[in-house]
Amino acid sequence: MVAPTRSRVPSPSRRPTSTRLIAALHCVAGALDRLGSTVHTRRPGPLRTLASVAVLVGASLVSTPAVAHAADQWSPRSSYTSTDTGAGTYSVPLLNADVPDISVERVPAAENDEGRDIYYMISTTMHLSPGAPIMKSYDLVNWEIVNYVFDRASIGDSFSLRNGQNSYGQGQWASSLRYHDGMFYVAFNTNNLNGAYLYRTDDIENGAWQRTALGRGLHDPSLFFDVDGTPYIFYGSGGTSAVRLNADLTAIEQDYPNIFTAGDYAGQPFIGGLFEGAQFYRIDGWYYAVIITWPSGQGRQVVMFRSKNLLGRYTSAGGVNTYEARGVLNSNGFAQGSLVPISRPGGGTDWHGMFFRDTFPIGRIPALIPATWQDGWPTFGTDGVVPVNGLFDKPIQLSPAEEVFERQKSIVASDDFANDAPHRAYQDEQWTVPAPLDEAEIRPNGSRLDLAWEWNHAPDNRYWSLTDRDGWLRLTAGKVVTGQYVYTKLSNRAELAWFEEARNTLSQRTFGPRQSVETRMDISGMRNGDVAGLAAYNRGFSYVAVKRVGGVNTLGVVNRVQPFAVDLDQSTLETFLPGTTVPLGAATEVHVKADLDFASPVGQLWTTFYYSLDGQQWTRLGDRVGPQTLDAASRTSWVTGSDCSTTRPRRPADGSTSTTTCSATR
């Protein structure tokens, strides 16, 4: 079992993943004579993990108590992932967490039941399940997760960490979110799941999504409806192409390759690598495309293109490229994302930018950046400058009461694992399950996690539960790790660690600049070969765990950093570090805690682990471990062979934040 956890805030692919916190239970290959051991955890905070055993988990977020005020002056601190100052300003980047490849869409007040403009945002989740999170905001600064587009991107082996397959660095990428004629649409590409898909629903927060396979890859797709309603998807890297869809958006009817390419603008200082992530808009009679580029010797930046003709050379006299280009943002690496419309009195519209910034190992963090328009072109920031942690005025002002309420919203969350999270239609996703798969692996099991949680790859629903034990997440060992998995995306076919092979790892995002998380584990159900604990991970990882060998439970710390070998001795890699081991004797519960520091120095994650037998007196397990660096965005998670109870991330006085998760592997 894992009991309450609290947090305090005191190579690579083109799209690295974020650091996650993880709770997981796994069994070392060959060390187990039977499956079925369990871990229970209570009160974990947001984390992300890799695993494959059963655990009971509970998570909750706890903030530092605020100074008492009269009721009418109550002004609590902003949430872990809010950069709203409470004084009419916000800092960039937003959220302090990994929200990559964003696409933002507005539903005007006249077209929704709330009578005010509502904004929705979607991002990349690759191999995580559920995937393609839908986030909601009224002010573009404070966001919460309200839904997911899918529970599983596929029931095949590669999205399920099954039969030697995986989707690390692949899966769902760069979604495009659009609202048209009362319907919401999401288009995204998959690198290893048969290309692009288009989903639709008439209720973005509660409705079921209808899935259409488009039958081919469309890199970084941008869905666009022309003024006459004709649907197109623009896509590409190194150049921008388009396809026209049929009227009901179920098939591709026409191709328009290379409407414009990087080569059309040779010699321009803003042209270079990437040249992708295009998103299209129509503003004041012009068609605009927003694209990320990465010129040699410079940072990533935003380039905009405009034309009076949507299809450019395909509709112009003589087939001439009609798109003008201009660099519109080259400051501190803010790039790729959306233009965002903001209604103004009198019927006018301002357009801001929502662009992410690579901030590893936390991940890709979005920023809302104001723009000043002149002669049909924007200048973002303050005269083109966007300082990291710089302040801007909030573009949408709410009532004082609403401002306080919105600042409490977050994309990480506490959870008491009471199985009372709101029901969402994606949780009832239906699949035709082919033999020899057991339908129970895919079929919903009656447990509902908070929307902040995601599994590392699609879970096996036979081996986790919120209903087996009230107030706990149970993860049960479902398989023995083999050491035979490899990174299928990498040309060198590098082997996975046991930790990376583990299934049913539950996680949430980490958040910076600092965070702490703790949890209590009930380890009474562990069997020989089980490993259970708490981790912060990307491809590199650090974790504190209990290992059971020869009937004895021992606590210790594991740390994996670059360089990453192609061939692994998994046993040596995941051996406890000297000076960190503690024999647990007859103890049936143990509290574990991780303090994550993304700021000492910036660009590295260092983690300090602790343990306690009573949740009051803590003992540090050796020195801080790391560094986790640029290879990927970080997550936190549990590695356990027990039940997990609630976990709480907390923020210290300096304003940093935290996340946690639970999962199990064997």
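Keep in mind it's a predicted model, so treat the numbers as computed, not measured.

Engineer: So what's going on with the overall build of the chain? Residues and values would help.
Structural biologist: What the chain contains, in helices and strands, is four helices and 43 strands. Across the 666 residues of the chain, 65% fall into the buried class. Carbon and sulfur atoms make up 48% of the accessible area of the chain, which amounts to about 22,500 Å² in all.

Engineer: Quick rundown of the confidence of the model for the chain? Include the residues and the values.
Structural biologist: For the chain, the average pLDDT comes to 86, and 84% of its residues sit at 70 or higher. Below a pLDDT of 50 lies the segment residues 1–17, which in the model reaches 144 contacts outside its immediate sequence neighbourhood of four places, other chains included. Low pLDDT, under 50, characterises residues 29–36; the predicted model gives this stretch 26 contacts beyond four residues in sequence or across chains.

Engineer: An account of the pairing of strand 12 (residues 195–201) is requested, with residue identities and associated values reported.
Structural biologist: With seven of its seven residues buried, strand 12 lies for the most part within the structure. Of the strand pairs in this sheet, strand 11 (residues 183–190) and strand 12 are connected by seven bridges, and their pairing is antiparallel. Counted as the bridge partner of Val186 is Tyr199 from strand 12. The antiparallel hairpin formed by strand 11 and strand 12 contains four residues in its connecting segment, where Asn194 sits at a positive phi of about 75°.

Engineer: Residue-level account of empty space enclosed by the protein, with values.
Structural biologist: Looking at the second largest cavity, its volume works out to about 70 Å³. Residue lining of the second largest cavity: Asp101, Ile102, Ala174, Ser175, Ser176, Asp220, Pro221, Gly277, Ala278, Gln279 and Gln336, and that is the complete set. Counting only elements with at least two residues in the lining of the second largest cavity, the list comes to strand 10 (172–180) and strand 18 (273–283). Of the residues contributing to the lining of the second largest cavity, the split by class is four nonpolar, five polar and two charged.

Engineer: Describe the sheet that holds strand 20 (residues 301–307), with residues and values.
Structural biologist: One open sheet accounts for four strands, arranged 18-19-20-21; its pairing is antiparallel. The two strands at the open ends of the sheet, each matched to only one other strand, are strand 18 and strand 21 (324–329). Pairs of neighbouring strands in the sheet enclose a mean axial angle of 25°, with direction left out of account. In this structure, strand 19 (residues 286–294) lies alongside strand 20, joined through seven bridges in antiparallel fashion. Across the sheet, Ala289 pairs through a bridge with Phe305, a residue of strand 20.

Engineer: Run through the sheet that holds strand 16 (residues 239–245), naming residues and quoting values.
Structural biologist: Spatial ordering of the open sheet is given by 14-15-16-17, a layout of four strands whose pairing is antiparallel. Both outer strands of the open sheet, strand 14 (222–225) and strand 17 (252–261), are each paired with one neighbouring strand and no more. Averaged over neighbouring strand pairs, the angle between their axes works out to 25° when direction is ignored. Here four bridges tie strand 14 to strand 15 (residues 231–235), and the two strands are oriented antiparallel to one another. For Ser222, the partnering residue across the bridge sits in strand 15 and is Phe234.

Reading the values: rules and limits
- Residues numbered from 1 in each chain as written.
- Predicted model: local features only at pLDDT ≥ 70, side-chain atom pairs only at ≥ 80, totals over all residues.
- Heavy atoms only, no water.
- Helix = DSSP H or I, 4+ residues; strand = E, 2+ residues; numbered from the N terminus.
- Buried < 20%, exposed > 50% of the residue type's maximum accessible area, 1.4 Å probe, protein only.
- Areas by Shrake-Rupley, 256 points an atom, 1.4 Å probe, with all protein chains shown as cover.
- pLDDT = per-residue confidence, 0-100.
- Contact = heavy atoms within 4.5 Å.
- Pairing = 2+ DSSP bridges.
- 1 Å grid on protein atoms, 1.4 Å probe; cavity = no way out; pocket = protein on both sides within 12 Å on 5 of 7 lines; lining within 4 Å.
- Points joined across faces, edges and corners; volume = space filled by probe spheres on them.
- Nonpolar A, V, L, I, M, F, W, Y, C, P; charged D, E, K, R; others polar.
- Axes fitted to C-alpha atoms, helices over the stretch in contact; angles between N-to-C directions.

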